[in-house]
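Structural characterization, general
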Amino acid sequence: MLIMHGLAWRQAGYTYYGYGMCYLLRLSDGRFIVIDGGFNRKKDADDLYALLTKYTPKGTTPTIALWIITHAHVDHHGTFAFQFLNNYKNNATVENVMFNPPGGGILTAPANETVTGLMNGHITLNNAIKRYGAKNIRSHVGDKYYVGDAVIDVLYTVDYQYPKQFNYYNTSSMILSITLGGQRIMFTGDASNEAFDKVVKM
(Lines give C-alpha, C1' and ligand atoms only; values in the text may rest on other atoms or scores of the structure.)
Protein backbone atom coordinates (compact mmCIF):
# COMPACT_ATOMS: atom_id res chain seq x y z
CA MET A 1 0.00 0.00 0.00
CA LEU A 2 1.21 3.52 -0.85
CA ILE A 3 -0.05 6.36 1.34
CA MET A 4 0.66 10.04 0.73
CA HIS A 5 0.57 11.92 4.04
CA GLY A 6 -0.92 15.37 3.42
CA LEU A 7 1.05 18.24 4.96
CA ALA A 8 -1.14 21.19 3.96
CA TRP A 9 -1.83 23.63 6.77
CA ARG A 10 -4.20 26.52 7.30
CA GLN A 11 -3.22 29.95 8.54
CA ALA A 12 -5.46 33.01 8.71
CA GLY A 13 -8.00 31.41 6.39
CA TYR A 14 -5.38 30.47 3.79
CA THR A 15 -4.54 26.85 3.06
CA TYR A 16 -0.82 26.45 2.43
CA TYR A 17 0.19 23.56 0.19
CA GLY A 18 3.85 24.34 -0.47
CA TYR A 19 6.88 22.43 0.76
CA GLY A 20 7.20 19.24 2.75
CA MET A 21 6.87 15.61 1.71
CA CYS A 22 5.85 12.37 3.37
CA TYR A 23 5.03 8.96 1.90
CA LEU A 24 4.36 5.65 3.59
CA LEU A 25 4.76 2.26 1.95
CA ARG A 26 3.20 -0.61 3.88
CA LEU A 27 4.97 -3.91 3.39
CA SER A 28 3.15 -7.24 3.32
CA ASP A 29 4.50 -8.08 6.80
CA GLY A 30 2.81 -4.97 8.26
CA ARG A 31 5.97 -2.89 8.60
CA PHE A 32 6.49 0.43 6.82
CA ILE A 33 8.93 2.40 4.74
CA VAL A 34 8.56 6.12 5.49
CA ILE A 35 9.98 8.70 3.11
CA ASP A 36 10.79 12.07 4.73
CA GLY A 37 7.97 13.10 7.08
CA GLY A 38 7.35 16.82 7.00
CA PHE A 39 8.01 19.84 9.14
CA ASN A 40 8.94 20.31 12.79
CA ARG A 41 5.22 20.53 13.66
CA LYS A 42 3.46 18.40 16.24
CA LYS A 43 0.43 18.01 13.96
CA ASP A 44 2.58 16.42 11.24
CA ALA A 45 3.92 13.87 13.73
CA ASP A 46 0.46 13.25 15.22
CA ASP A 47 -1.06 12.66 11.78
CA LEU A 48 1.81 10.40 10.75
CA TYR A 49 1.46 8.31 13.90
CA ALA A 50 -2.31 8.08 13.33
CA LEU A 51 -1.71 6.71 9.82
CA LEU A 52 0.85 4.21 11.08
CA THR A 53 -1.48 2.89 13.78
CA LYS A 54 -4.44 2.79 11.38
CA TYR A 55 -2.61 0.46 8.99
CA THR A 56 -0.63 -1.57 11.55
CA PRO A 57 -2.02 -5.05 12.33
CA LYS A 58 -4.11 -4.97 15.51
CA GLY A 59 -2.29 -5.85 18.70
CA THR A 60 1.11 -4.83 17.35
CA THR A 61 3.25 -1.71 17.56
CA PRO A 62 3.94 0.30 14.40
CA THR A 63 7.32 -0.72 12.98
CA ILE A 64 9.20 1.39 10.47
CA ALA A 65 11.58 -0.97 8.70
CA LEU A 66 13.25 1.94 6.93
CA TRP A 67 12.88 5.70 7.31
CA ILE A 68 14.37 7.47 4.30
CA ILE A 69 15.46 11.10 4.62
CA THR A 70 15.96 12.38 1.07
CA HIS A 71 17.81 15.52 2.25
CA ALA A 72 18.23 17.65 5.35
CA HIS A 73 15.81 20.51 4.74
CA VAL A 74 13.56 20.86 7.78
CA ASP A 75 10.34 20.49 5.76
CA HIS A 76 11.51 16.95 4.95
CA HIS A 77 13.27 15.85 8.15
CA GLY A 78 11.71 18.01 10.89
CA THR A 79 9.06 15.48 11.92
CA PHE A 80 11.65 12.69 12.15
CA ALA A 81 14.31 14.64 14.03
CA PHE A 82 12.07 16.52 16.45
CA GLN A 83 8.35 15.89 16.82
CA PHE A 84 8.08 12.15 16.12
CA LEU A 85 11.27 11.51 18.09
CA ASN A 86 10.07 13.50 21.10
CA ASN A 87 6.45 12.31 21.11
CA TYR A 88 6.33 8.78 19.65
CA LYS A 89 9.77 7.23 20.03
CA ASN A 90 8.42 4.83 22.67
CA ASN A 91 5.28 4.00 20.69
CA ALA A 92 6.87 2.95 17.39
CA THR A 93 10.00 1.09 16.35
CA VAL A 94 12.42 2.57 13.81
CA GLU A 95 14.77 -0.16 12.59
CA ASN A 96 16.84 1.59 9.91
CA VAL A 97 17.36 5.11 8.57
CA MET A 98 18.74 5.96 5.13
CA PHE A 99 20.43 9.36 4.95
CA ASN A 100 23.40 10.53 2.91
CA PRO A 101 24.38 14.19 3.45
CA PRO A 102 27.04 16.13 1.55
CA GLY A 103 30.33 16.91 3.25
CA GLY A 104 31.08 20.53 4.06
CA GLY A 105 33.75 20.83 1.38
CA ILE A 106 31.41 20.15 -1.54
CA LEU A 107 28.59 22.53 -0.51
CA THR A 108 29.44 26.20 -0.97
CA ALA A 109 27.49 29.37 -0.16
CA PRO A 110 23.93 28.07 -0.71
CA ALA A 111 21.38 30.76 -1.56
CA ASN A 112 19.47 32.06 1.51
CA GLU A 113 21.13 29.41 3.70
CA THR A 114 24.43 28.91 5.45
CA VAL A 115 26.73 25.93 5.14
CA THR A 116 27.08 25.94 8.94
CA GLY A 117 23.31 25.81 9.39
CA LEU A 118 22.97 22.88 6.99
CA MET A 119 25.88 21.02 8.58
CA ASN A 120 24.21 21.52 11.97
CA GLY A 121 21.11 19.93 10.44
CA HIS A 122 23.21 16.89 9.57
CA ILE A 123 24.44 16.66 13.15
CA THR A 124 20.86 16.93 14.44
CA LEU A 125 19.76 14.14 12.12
CA ASN A 126 22.64 11.85 13.08
CA ASN A 127 21.92 12.43 16.77
CA ALA A 128 18.24 11.63 16.18
CA ILE A 129 19.14 8.36 14.44
CA LYS A 130 21.20 7.37 17.49
CA ARG A 131 18.35 8.24 19.84
CA TYR A 132 15.98 6.01 17.87
CA GLY A 133 18.54 3.22 18.22
CA ALA A 134 18.31 2.69 14.46
CA LYS A 135 20.96 1.53 12.03
CA ASN A 136 22.19 4.39 9.82
CA ILE A 137 22.43 3.38 6.15
CA ARG A 138 24.48 5.74 3.99
CA SER A 139 23.39 4.81 0.49
CA HIS A 140 25.30 5.29 -2.76
CA VAL A 141 24.47 5.31 -6.47
CA GLY A 142 23.88 1.75 -7.69
CA ASP A 143 23.05 0.30 -4.26
CA LYS A 144 20.12 -2.10 -4.05
CA TYR A 145 18.28 -2.81 -0.80
CA TYR A 146 15.70 -5.46 0.00
CA VAL A 147 13.34 -4.32 2.75
CA GLY A 148 10.65 -6.92 3.31
CA ASP A 149 9.12 -7.43 -0.13
CA ALA A 150 10.25 -4.00 -1.39
CA VAL A 151 13.29 -3.53 -3.62
CA ILE A 152 14.98 -0.12 -3.46
CA ASP A 153 17.33 0.99 -6.23
CA VAL A 154 19.43 4.06 -5.46
CA LEU A 155 19.57 6.14 -8.65
CA TYR A 156 21.27 9.27 -7.31
CA THR A 157 23.00 10.51 -4.17
CA VAL A 158 25.15 13.57 -3.59
CA ASP A 159 28.26 11.38 -3.93
CA TYR A 160 27.79 11.61 -7.67
CA GLN A 161 28.69 15.32 -7.52
CA TYR A 162 32.23 14.80 -6.20
CA PRO A 163 34.63 16.48 -6.69
CA LYS A 164 32.48 19.24 -8.19
CA GLN A 165 31.11 21.80 -5.73
CA PHE A 166 27.52 23.04 -5.80
CA ASN A 167 25.56 25.76 -4.01
CA TYR A 168 21.93 24.59 -4.31
CA TYR A 169 21.22 22.27 -1.39
CA ASN A 170 18.38 20.39 -3.12
CA THR A 171 21.08 18.95 -5.39
CA SER A 172 21.89 16.66 -2.44
CA SER A 173 18.41 15.08 -2.46
CA MET A 174 18.40 11.31 -3.09
CA ILE A 175 16.52 9.83 -6.06
CA LEU A 176 15.20 6.32 -5.51
CA SER A 177 13.19 3.71 -7.37
CA ILE A 178 11.09 1.40 -5.20
CA THR A 179 9.44 -1.77 -6.52
CA LEU A 180 6.64 -3.21 -4.40
CA GLY A 181 3.60 -5.30 -5.21
CA GLY A 182 4.35 -5.35 -8.92
CA GLN A 183 4.56 -1.55 -9.11
CA ARG A 184 7.67 0.55 -9.57
CA ILE A 185 7.69 4.12 -8.26
CA MET A 186 10.36 6.81 -8.47
CA PHE A 187 10.80 9.17 -5.51
CA THR A 188 12.79 12.29 -6.29
CA GLY A 189 12.56 14.36 -3.10
CA ASP A 190 13.53 17.90 -4.07
CA ALA A 191 16.24 16.89 -6.53
CA SER A 192 17.54 19.70 -8.75
CA ASN A 193 17.87 19.80 -12.52
CA GLU A 194 21.57 19.17 -12.04
CA ALA A 195 20.80 15.89 -10.29
CA PHE A 196 18.18 14.89 -12.86
CA ASP A 197 20.62 15.54 -15.71
CA LYS A 198 23.06 13.07 -14.19
CA VAL A 199 20.34 10.42 -13.67
CA VAL A 200 19.18 10.74 -17.28
CA LYS A 201 22.75 10.26 -18.51
CA MET A 202 23.10 7.13 -16.37
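This text follows the structure it describes.
All values reported here derive from a predicted model rather than from experimental measurement.

When its volume is computed, the largest pocket comes out at roughly 200 Å³. As for the largest pocket, its lining consists of Tyr19, His73, Asp75, Pro110, Ala111, Asn112, Glu113, Asn167, Tyr168, Tyr169, Asn170 and Asp190. Here the lining of the largest pocket is composed, by residue class, of 5 nonpolar, 4 polar and 3 charged.

Let us look at the pattern of salt bridges. Evaluated as defined, the whole model comprises 7 salt bridges. In this structure, the salt-bridge partner of Arg31 is Glu95, at a minimum N-O distance of 2.8 Å. Residue Arg31 is located in the loop between β4 (22-26) and β5 (32-36), and its partner Glu95 is located in the loop between β7 (93-94) and β8 (96-98); the two are separated by 64 residues in the primary sequence. Taking relative accessible area as the criterion, Glu95 reaches 30% and is therefore assigned partly exposed. Ionic pairing is found between Asp153 and Lys144, a salt bridge with its closest N-O pair at 2.6 Å. Judged by its relative accessible area of 42%, Lys144 falls in the partly exposed class.

Relative to the assigned elements, Gln83 resides in helix α2 (residues 74-88). Classification of Gln83 by relative accessible area gives buried; the value is 17%. In terms of polar contacts, Gln83 uses its side chain to reach the side chain of Asn40, at 2.9 Å. Setting aside its immediate chain neighbours within four residues, Gln83 contacts Asn40, Arg41, Lys42, Ala45, Gly78 and Tyr88.

We now examine the sheet that holds strand β11 (residues 150-156). Strand order across the open sheet formed by 4 strands is β10-β11-β12-β13, with antiparallel pairing between neighbours. Of all the strands in the sheet, the pair left with one neighbour each is β10 (144-147) and β13 (183-187). Put simply, the sheet's adjacent strands are angled 20 degrees from each other on average, direction ignored. Pairing geometry for strand β12 (residues 175-180) and β13, over 5 bridges, is antiparallel. If you follow Ile178 over to β13, its bridge partner there is Ile185.

It is the contact of helix α1 (residues 42-54) with α2, at a shortest axis distance of 9 Å, that shows an interaxial angle of 65 degrees. On the basis of their axis angle, the class for α1 and α2 is roughly perpendicular. Judged by the twist between their axes, the crossing of α1 over α2 is right-handed. Along the contact surface, α1 presents Lys42, Asp44, Ala45, Asp46, Leu48, Tyr49 and Leu52, while α2 presents Thr79, Gln83, Phe84, Asn87 and Tyr88. Residue composition of the contact of α1 with α2, grouped by class: 6 nonpolar, 3 polar and 3 charged.

Calculation criteria
- Residues numbered from 1 in each chain as written.
- Predicted model: local features only at pLDDT ≥ 70, side-chain atom pairs only at ≥ 80, totals over all residues.
- Heavy atoms only, no water.
- 1 Å grid on protein atoms, 1.4 Å probe; cavity = no way out; pocket = protein on both sides within 12 Å on 5 of 7 lines; lining within 4 Å.
- Points joined across faces, edges and corners; volume = space filled by probe spheres on them.
- Nonpolar A, V, L, I, M, F, W, Y, C, P; charged D, E, K, R; others polar.
- Salt bridge = Lys/Arg side-chain N within 4 Å of Asp/Glu carboxyl O.
- Helix = DSSP H or I, 4+ residues; strand = E, 2+ residues; numbered from the N terminus.
- Buried < 20%, exposed > 50% of the residue type's maximum accessible area, 1.4 Å probe, protein only.
- Polar contact = N/O pair within 3.5 Å; in protein donor to acceptor, adjacent residues only side chain to side chain.
- Contact = heavy atoms within 4.5 Å.
- Pairing = 2+ DSSP bridges.
- Axes fitted to C-alpha atoms, helices over the stretch in contact; angles between N-to-C directions.
- Parallel < 35°, antiparallel > 145°, perpendicular 65-115°, else oblique.
- Left-handed = near helix turned anticlockwise from the far one by under 90°.

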